[in-house]
Structures are given as C-alpha cells and as structure tokens.
Amino acid sequence: MSEHDYQQLLQFLYRVPVGLVEVDAEGNIQLMNAYAGAALMPLAKTSQSQNLFDLLRPYAPDLQRYVAGYDHPYGEIVSNERVQLPGAAGASETKMWYSVTIERLSVDSYMVALSDVSAEVEREERLQEAVNQEAEQRGRREIAASVLHDIGNALAGLSTHVARLLGEPGWRELTELRRLQELVENEAEALSRALGAKRQEALSTFLQELIANFEKRYDELKKTTNDMARTLEHVSETLSLQRQYAQEWVSGSRAPVNLVRLVEDAIAMQRSGFEKRSVRLTRNFCEGTVLVEGDRTKLVRVFVNLLKNALEAFDTPEGDNEEQRWVDIAVERVEGADTPLASVTIRDNGCGFDVPPESLSVSPSGSEQNTEKPGGSGMGLHAAKRIVEAHRGWLSLSSEGCGRGVTAVITLPRAEEIS
Amino acid sequence: MHDKRDISFGAGEVAGVLDTLGDRDLDGVEFGVVRMDRGGDVVSYNMAESRLSGLDKEAVIGQNFFVQVAPCTNNFLVSQRYQDSDELDETLEYVFTYRMVPTPVRLRLLKRRESHYQYLLVETHVHND
C-alpha cells in the first residue's frame, strides 16, 4: 500500500461521521477517530483520561460489566444501547443521545461504535407525548360521558318517584275528614241535642277549617311536586343532549350539521336560565336547514356560551331595568364574497358595554373591559372565538353602550346543500 | 524581526508575535502552530504540526480546521470557544487523535480582536525528535 493510499484510508476512517474506538479489555483507548474524540473528550473534564470505561462510567455505568462478563472470544456484546452524554457540539448543557454498540474483535480488542441518535430520540419523545395527551383527553371524555350516564340513571330513578307522587289520587286522611264532616252535617240535629248547639257549630267549623288547611297544604305539595317534575324533565333533556354531544366528542365526528338544530339544542340547554330570569325569547330562523361543516360538540358550546353571556348580562344593576327582558336569536343565510355563509345573531337588552366594538379584543386575559358582567373573565368568549375561527368563521360583539344590550354575530361558511 | 528561538508555547504576547511571522519562520517554531482566518480556514500549518499529524501542509491549507482537518476539536471545548469570543487566550489539556492514536496534548487557543487571524498552538508532552 502506497503512503498516499494509506493516508486516504486513514482519512476515511478518521472522518467517518460515526464514532469508532478500539479499546483493550481494561478500556484503554488504542485507536479512536475524530468523531469519537469530539464526543468523548468533553467527558474527561480536567484529566486526560484515555480509558473509555472511566469516561463513560457516569453516563453508562453498566458497559464495563457487560464487557467483563462476556466470555466468548468474539462477538457482539452490546447492541445499540442508548446513552445520554453532554453535547459535543454547541453549549455544554445540551445533552445528546448516542447509540452505543460494542463488539469483541479478539481476546484483547473491542470495537466501540457511537452514533448520534438525538434527533430520533426527540422525535420519539414528541410522538410519545402526543400519544399520552390524546389518551388523557380521550380518558377525560370517556369519564365525562360515563358521569353523565350515571347522573342520567340517578335522575331516571328520581323522576319515577316524583311521577308516582303525582299519580297518587289524593290523601286518604283528607277523604276521611270529608266523610267525617258529612257525617257531622247529617247528624247535626242529634249532635246539637247531645252537645248543645254551640258546641255542635264549633265542631263543624273546626272540621271545615281543618279540611281547608289540609287542602291548601295538599295543593302546595302538588304544585311543588309539579315544579320538581318539570325541573327534572328539563335536566333530563339537557343531560340527554349533553350525553349525545359527549359521545360524539369521544368519536370526534366532523360532518355537515344543521345550524338551526344546533341553536335549538343550545337554547334547550339554557332553558332554565330563561325561565329563572323571565326573559322572553324570540326566534327568527330562516326556512329549512342551514348546513355548516364542523364539530357539533364544539359549535354547540359556542352558542351555549353566548346565550349564557346574554342571560348573565341581566344579573347586573345596569341590566336589571324595568323593561321586559328579551333575547332575540336569528339564523340566516348570507351570501359572502365568494362563499355562501350562514350567520347566527344573538341580541339582548341586558347591561351592554361602553367600550367601542373595535377595541373589544376577545383575549384570554380578559380585563374587565372585555366582559359585560362583573367577575366575568372573558374566558368563555375567548374559547368561543377560537372555536369559530377554527371553523373558518368569525365572531363579533357590539353594543350601543352601557345598559343598551349586546349583539353577538357568528358567521360560518355554509356547506353546500345536498339536493 | 523576532528570533524564532524567542517564541515559547507559554509566552505572554505570543499572538502578536505570531502575526509578524511568515510561513518559513513558523516552520522554525518547535511546537505545532495552526494559523486560521477568523472563520477557521487554515492559512498556515507549520512543520511541527505537520509532523505530529502526519498531514501534508498542502492537503490542509484552505480547509476548515475544525470541520475538515481535526474534527475531534469540533466541540464546545475548542471550536465553540473561538466562536464565542473575540479575545481568547486559553490553555487546556486535550487528547488529539493523530493517525487515530489518542495523543495527549496541551492546546493554547489564541484570538485577538485586532488580528485577521486566530491560532491554535499544540504542544505534545513527549517531544518526538
């Protein structure tokens, strides 16, 4: 081999982008290429150690044991074991992952190969994290769905009890009291003779009052039970809607949805809020179905959020005026510049706000100016805005001023109607 | 003109003196001298260093020292030090892998703001005559 060929071979081995080290049984480095030198020298700190096992001990304490315990005269001892070392390139605090392979070449000669797998490890870690997050999310949704299911079952039991109460024909005690009164009336003369007229009259009056009292209490109870039944019915209805959405959330469906249906569902979920505050609801929905493409669960949350905001705007001193409270909801088809659009407009005559609409940035930090109601964080609005934007739509809020209500408009691209 | 015999590995103002020496003068220096531009490309490679590494001057001139000539120095202990500062005068113990054989050396990393060059000085512990 000529000197030139030898130099070439040397350069080839020296510059190969994989670390190659030959050590004896004690770990003393016999030969080492540049890549290995660059990776291993920073481990030596102050000493000029030329013993591979000493250098790697803090990072891979088992390597020496593997080598010592290998009794075949040749063969692979360690295959692609991952070892984390302080970074060779760049700052000393960056860690790098190396894949280490050790092969026994002969009795007192071992070849150690190091290759940088940092990028691979990082990719794997990212992937694993994403998988974990997805599993966690899925778990949460499943828990939500199962909790809703359990509450539904408990409510069903309660509803049965209430229904039975309502179905009861009346109090037996009351019927018997009435019969007693009848008897007293029929035998008035005989009783008058026996007890005296005054006493007979007092007895009759007493019985009448007792019956009236019982009847009043019975009616009250009946009314409370009726209210309870209605509330239960409403909660069950909301729950069944929520369950339906939670299940879809688990399956993550994304199909054309009818905007009118979604708005109706959101209204149903907030019905108790309307009743509690005596808010009159008016609907201005266009004819037929209005299809948009998207996530039903997320979109219904947007409408529930905005309805809740509108209703809670009546809970402030500014929103609590003498006028009839109202919320008006409109669903319309709108022709956009190049795509057909659909809009949902929710107007209320609640407390409103003074800040001009253009400065109403719906931000998660939500300063007081961002939200109509005291104590509100604006978080619901921010989430709503993000969901609408993820559906290639936009959300705007405007108010004519303090005490003059708010108009929220959600605009979404319309899906082509299938004829 | 300085007498090359005056120049020692540890001398205080060595970087300024090296700037005044031509290639022939550098060949007279007993320890290894690598003169690079500020990007790390080799400008001069003296005889002592050529003997140590077994590399011909001609093969090395114009190549990037940290990447092409001595990649074993391409880490935060050596190459990164040149990148991180405008003024550098540091001495450290290191192991070079000349001809693949680990060789303990003492390195002196030199860089001055006013110079076009930066230097790596290499001294072996065992002098080979």
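Small disclaimer: the values here were computed from a predicted structure and weren't measured.

Once that is clear, we can look at the overall build of chain B. Along chain B, the regular secondary structure elements total 6 helices and 5 strands. Helices (α) and strands (β) of chain B occur, in sequence order from the N terminus, as α-α-β-β-α-α-α-α-β-β-β. Residue burial in chain B is summarised as follows: out of 129 residues, 53% are buried. The contacts of chain B with a sequence gap of at least 6 include a subset with a gap of at least 24, amounting to 43%. Accessible surface, chain B as shown: approximately 6,100 Å² in total, 46% of it carbon and sulfur.

The helix and strand inventory of chain A stands at 12 helices and 12 strands. Residue burial in chain A is summarised as follows: out of 419 residues, 39% are buried. Relative to all contacts within chain A whose residues are 6 or more apart in sequence, the contacts with residues 24 or more apart total 62%.

What follows is about the interface of chain B and chain A. With 24 residues of chain B at the contact, the number on the chain A side is 27 residues. Summing the contributions of chain B and of chain A, the shared interface buries around 2,100 Å²; its carbon and sulfur component is 62%. At the boundary of chain B and chain A, one finds 0 salt bridges. Our enumeration of links across chain B and chain A arrives at 3 residue pairs in polar contact (both at pLDDT 80 or more). At the level of secondary structure, the elements contributing two or more residues to the side of chain B that touches chain A comprise α5 (65-69), β3 (88-96) and β4 (103-111) of chain B. With 3 residues, the top contributor of residues to the side of chain B that touches chain A is β3 of chain B.

So, on to the environment of arginine 325 of chain A. All names here are of chain A. Note that arginine 325 resides in the loop between α11 (296-312) and β9 (326-335). A relative accessible area of 17% means that arginine 325 is categorised as buried. In the structure, arginine 325 is positioned 48 residues away from arginine 277 in sequence and 8.3 Å away in space, judged by C-alpha atoms. One polar contact links the side chain of arginine 325 to the main-chain carbonyl oxygen of arginine 277, over a distance of 3.0 Å.

Right, let's get into the pattern of salt bridges. Applying the stated criterion across every chain yields a total of 30 salt bridges over all chains. Across the pair arginine 271 of chain A and glutamate 275 of chain A runs a salt bridge whose closest N-O atoms are separated by 3.7 Å. Separated by 4 residues within a single helix, arginine 271 of chain A and glutamate 275 of chain A lie in helix α10 (residues 271-276), roughly one turn from each other. A salt bridge links aspartate 86 of chain B to arginine 38 of chain B; its shortest N-O distance comes to 3.4 Å. Here aspartate 86 of chain B is found in the loop between α6 (79-84) and β3, whereas its partner arginine 38 of chain B is found in the loop between β1 (32-37) and β2 (42-45), with 48 residues between them in sequence. Assessed through its relative accessible area of 38%, aspartate 86 of chain B is described here as partly exposed.

Residue and element names in this part refer to chain A. Sheet architecture is open: 5 strands sit in the order β2-β1-β5-β4-β3, paired in antiparallel fashion. Where the open sheet ends on each side, the last strands, each with one partner, are β2 (29-32) and β3 (75-86). Neighbour-to-neighbour, the strand axes of this sheet turn through a mean angle of 25 degrees, independent of strand direction. Across the sheet, helix α5 (residues 118-167) lies against β3, β4 (95-106) and β5 (109-116), angled at about 125 degrees from β4, the strand it touches most.

Take the pairing of strand β5 (residues 117-124) of chain B next. All names here are of chain B. Counting buried positions along β5 yields 7 of 8 residues, so the element is predominantly enclosed. Sheet topology places β1 next to β5; 6 bridges connect them, and they run antiparallel. Across the sheet, methionine 36 pairs through a bridge with glutamine 118, a residue of β5. Two elements, β4 and β5, share 7 bridges in a ladder whose sense is antiparallel. Bridging across to β5, leucine 110 finds its partner in tyrosine 119. Count of turn residues in the β4/β5 antiparallel hairpin: 5 residues.

Residues and elements named next belong to chain B. Tracing the chain through its elements places serine 44 in strand β2. Not counting residues up to four positions away in its chain, the partners in contact with serine 44 are Asp23, Leu26, Val33, Val34, Arg35 and Ile61. In terms of polar contacts, serine 44 uses its side chain to reach the side chain of aspartate 23, at 2.8 Å.

Detailed reading of predicted coordinates is not advised where the pLDDT is low. Confidence along chain B averages 88 in pLDDT terms, with 92% of residues attaining 70 or more. Here the prediction assigns the complex a pTM of 0.52, and the interface score ipTM is 0.76.

The next subject is the sheet that holds β2 of chain B. All names here are of chain B. Taken in spatial order, the 5 strands line up as β2-β1-β5-β4-β3 in an open sheet, and their pairing is antiparallel. Each edge of the open sheet is held by one strand with a lone partner, namely β2 and β3. Adjacent strand axes in the sheet meet at a mean angle of 20 degrees, parallel and antiparallel pairs treated alike.

Definitions and cut-offs
- Residue numbers run consecutively from 1 along every chain, following the written order of its sequence.
- A letter from A marks each chain and a number from 1 marks each ligand, given out in the order of writing.
- Restriction of local features to residues with pLDDT of at least 70 applies here, the model being predicted, together with a cutoff of 80 or more for giving and counting side-chain atom pairs; totals for whole chains, interfaces and linings are based on all residues.
- For the side-chain quantities, the full set of heavy atoms in the structure was used; hydrogens and water were omitted.
- Each helix is a run of DSSP H or I of at least 4 residues and each strand a run of E of at least 2, with the numbering of both proceeding from the N terminus.
- Only protein chains enter the accessibility calculation, which uses a 1.4 Å probe. A residue is then buried if its area is under 20% of the maximum for its type, exposed if over 50%, and partly exposed in between.
- In this analysis, two residues are considered to be in contact whenever any of their non-hydrogen atoms come within 4.5 Å of each other.
- Areas reported as accessible are Shrake-Rupley estimates using a 1.4 Å probe. Residue values count occlusion only from the protein chains shown.
- Buried area is a sum: the accessible area each of two parts loses on coming together, probed at 1.4 Å, counted once for each and added.
- By convention in these notes, a salt bridge is any Lys or Arg side-chain nitrogen within 4 Å of a carboxyl oxygen on Asp or Glu.
- Here a polar contact means two N or O atoms within 3.5 Å. Within protein one must be a hydrogen donor candidate and the other an acceptor candidate, and residues neighboring in sequence count only if both atoms are side-chain atoms.
- Each pair of strands is called paired provided DSSP finds at least two bridges between the two strands.
- In this description, a line fitted to the C-alpha atoms serves as the axis of each element, helices being fitted only across the stretch in contact, and the angle between N-to-C directions of two axes falls anywhere from 0 to 180 degrees.
- The pLDDT value tells you how sure the predictor is about a given residue, anywhere from 0 up to 100.

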